Each structure stands twice: as structure tokens, then as C-alpha cells.
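# Understanding the architecture of this molecule
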Amino acid sequence: MEVVLLRCAAILVCLLVVVQAQVPPFTEKCEHGMYPPKAESKVASYVINLDLPPAERWTSLTKEMAPQIRDMIAEIKAFAGAFGNGSLIALVDKYLAPLADTLPYPFADELKGIAKATDIPLGEVVLFNVFYEFFTVCTSIVAEDPSGKLFHARNLDFGLFLGWDIKNNTWALSEKLRPIVVNLDWQRGGKTVFKSVNFAGYVGLLTAVKPQTFTYSMNERFSADGGYIGLIEWILGQRDGSWMGFLTREVLENATSFTEAETMLANRTMLAPAYFILGGTKSGEGAIITRSRERALDVKRLDPANGRWFLLQTNYDNWENPPFIDDRRTPGDNCMANMTTANTDLPHIFDVLSSKPVLNKLTTYTALMQVDEGHLESYIQECPDPCIPW
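Before going into details, it helps to say that this report is about the structure given with it. None of these values were measured; they are calculated from a predicted model.

### Examining the side chain of Ser174
Relative to the assigned elements, Ser174 resides in helix 7 (residues 172–177). The buried category is assigned to Ser174, whose relative accessible area is 0%. Not counting residues within four places of it along the chain, the set of residues in contact with Ser174 comprises Phe158, Gly159, Lys361, Leu362 and Thr364.

What follows is the structure, encoded as C-alpha cells:
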């Protein structure tokens, strides 16, 4: 693992040189009029029927998208192979397939059903589903308008370190992920329980709305005590923590209020640290929960009465300055402030999320949510050159 991290650090240094050589001096610009984007960028919607046996819930969707899922997993395997001459893939086959049987209900059966429907080895399906604990680099926003109406939106950036193409200025894995972005309507008894934006075949939740209850997004939190340690502990039999994506499924299915969701996300032991961003239904119901693996380190809340009408979270603790090589927070905050509370709505927030470097080469999609009627729309995003890699 130390070798992998050192090689990732070396890649980062090389990328910094490439960025300085290829991208002109970067000036931040708050975009306007970016919504609605082109119709072809709108993400298609599918139903996940929770009344079906878990092994059958994903069959239709993943059969349809099996070629694209295989392409994406092949990219992950190519990256892993570059760091171990195939030894990491051998470890996936050896350890991750049996890992499925250790996962809580209903996730083991769902993953086995996906493997069967796509004819992808179970270990690789498990890898796909735990990968997001480690490589998600995002921006999330919760904002309140003058009437107290709440809006929640996010960019999902994914693929850092995973195959930078110098010729095309793209990330290889990000390019493979965009074709499998889907909107999901999770139903029970023919009625919506919640909605989410997913990569097809990923059974956890990174972005979701429970109508008339709360909205949710997750951003990765970088920490020395990170998800790799949690994964190793799980493999070795220490299983008192929750997988992030599975915990959030539980929260979206069972929490009946913003407060209950906040409590569940703040207090459960997890395998990986994270930032959980929540929006509720009432004025002031917005929060960024900064998590270690063991507990909540901080909860920052909306406070519109004192001028805090929006919260913006990237991948760094809000009480620390972000690193100069990845400061999406400052330009994002500036664009939100320029937008003003009077203009708070999803189209204007989409403009902020379409402004560089909040929008960057890692951005795969932008999701827009409004809790009152469970509104969710999402769009495939690409960042035209010149554009910073992250």
C-alpha cells in the first residue's frame, strides 16, 4: 500500500508539471446562463423495485449496460495492474469475491445478481462497489432562498490518479464512468421511497433525495486513517464499522426526518471518513457532517438569520484552508456570494457548479435536487479546454 501511495504522489507531481505546461494562467469566472444544458446531456431514469428479491433488483438495468460496466471495470483493472503486474487483480479475485458474503443484507445478494446479469466476476463487482470509498473528489452545495425553500446540488468528480491522457487532456476512468450514470427511482409498492443518481451497478448511494424529507450527498474526506485501513480491517474480520454506501442506503430507506438522518450519519462507526451533506425541509435545515471513521468531528449548519444562507463543501475540512493545488472552495464560495440569496434556485446553482475550477476534468455529472416534491435531475458534465485536471 505504501508503494501505491508513493506512486500516486509521483503521478501528482508529474501532473502538476503537465498542468503548468499546458493550461494558461487560470482565471476564475462565474458562469451565467448555463442552464438548461444540452438535452443529450440529461441522464436517463430507471426504476429499482425494492419488492423484488435482492438478486433480481438490478438485472434489467445491468444487463442493458453490461458492455459499458465491463469497459469501466477493465479500466480499473488496467490501473491496478500497472501497480503490481497483475498481483492486485489476483488479490481482488482471491479476497473480494468471498467478501460479498460478509456484507449485510441485502447487499450480498444484490452484488451476486449483478455479477450474474453482467457475466462479470463477483470479485470485480465487489471492487466496483467499494471503489467509491477511496477516489471520490466532489463539490456539494445546500442553499436557502429568502422564503426558506431549500436547494441541494452537487458535482461528482471521480477518477483522480486513474489514467491521465496527456494527448486528449482527459481522465481515462472519468470517460468510462459518464456512460453509466443513471437516475434511479427506488420504489416499494409502486411508490417512490427515494431517488438517487448512481453509476449503474453501484448499489450504494452518493447522491439522493427522499421526497418531503431530506436531500443527501457524500464527499470523500482525505485522511491518514482512511478507507484502505477500514477495508483491510474488514477483510481480517473486524466488522464493527459500516460501508459508507451501504449505510447511506439504510438512511435513505429508513430515516423519516432530517434530524434522524443527521443522527444516523453522525454517529455510526464507518470504514472510511467522509463528509455528509444534508438538506431538510425547513429553514436552517442544512448541514455538513465532517466524519472520522469513529465519529462526527464537526457539524456545520445553515444559519440564514446570521448570513449563512448556503453551505459549500469540497474535500477539505471547513476549518482549514484548502491546498493551493485544489482550491475549489474559494471560487465556489465567491460564485455563490455573487449569485446572492435572492437568485437562489437550481438553474443559478447549476451555473456555479459549471464554473471552473468547480467544474474540472474529473467532473462526471451535476445533480440538482429540491426536497419538497422529491425533484431530482442530473446532467453529464465535461469541462472544455482550457480546464484544470481537478
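After that view of the structure, there is still more to cover.
### What to know about the sheet that holds strand 1 (residues 45–49)
Within the open sheet, the eight strands sit side by side as 1-6-7-8-9-10-11-12. Their pairing is mixed. In this open sheet, the two strands that pair with only one neighbour each are strand 1 and strand 12 (296–301). Taken pair by pair, the neighbouring strands of this sheet meet at an average axis angle of 20 degrees, ignoring direction. The pairing of strand 1 with strand 6 (residues 181–188) spans five bridges and is classified as parallel. What sits directly across from Ile48, in strand 6, is Trp186. The strands touched by helix 9 (residues 244–254) are strand 6, strand 7 (191–199), strand 8 (207–210), strand 9 (214–220) and strand 10 (274–279); relative to strand 9, the strand with the most contacts, the crossing angle is about 175 degrees.

### What to know about the pattern of salt bridges
What the rule picks out here adds up to 11 salt bridges. Asp326 is the salt-bridge partner of Arg328, the closest N and O atoms lying 2.8 Å from each other. By relative accessible area, which is 5% here, Asp326 ends up buried. Residue Asp385 is joined to Lys361 by a salt bridge in which the shortest nitrogen-to-oxygen separation is 2.9 Å. Here Asp385 is found in the segment after strand 15 (375–380), whereas its partner Lys361 is found in the loop between helix 12 (346–353) and strand 14 (363–370), with 24 residues between them in sequence. Residues joined in a network through salt bridges with shared partners are Arg57, Glu110, Arg188, Arg249 and Glu253.

### Section: the packing of helix 5 (residues 107–118) against helix 6 (residues 122–130)
The interhelical angle for the contact between helix 5 and helix 6, taken along N-to-C directions, is 120 degrees, at an axis separation of 9 Å. One finds that helix 5 runs oblique with respect to helix 6. As helix 5 runs across helix 6, the sense of the crossing is right-handed. Counting all contacts with helix 5, which are made through Leu111, Lys112, Ile114 and Ala115, the residues of helix 6 involved are Leu122, Val125, Val126 and Asn129. Broken down by class, the residue content of the contact of helix 5 with helix 6 amounts to six nonpolar, one polar and one charged.

Thresholds applied
Residues numbered from 1 in each chain as written. Predicted model: local features only at pLDDT ≥ 70, side-chain atom pairs only at ≥ 80, totals over all residues. Heavy atoms only, no water. Helix = DSSP H or I, 4+ residues; strand = E, 2+ residues; numbered from the N terminus. Buried < 20%, exposed > 50% of the residue type's maximum accessible area, 1.4 Å probe, protein only. Contact = heavy atoms within 4.5 Å. Pairing = 2+ DSSP bridges. Axes fitted to C-alpha atoms, helices over the stretch in contact; angles between N-to-C directions. Salt bridge = Lys/Arg side-chain N within 4 Å of Asp/Glu carboxyl O. Parallel < 35°, antiparallel > 145°, perpendicular 65-115°, else oblique. Left-handed = near helix turned anticlockwise from the far one by under 90°. Nonpolar A, V, L, I, M, F, W, Y, C, P; charged D, E, K, R; others polar.

So, to be careful, I would describe these as geometric facts and stop short of saying anything about function.
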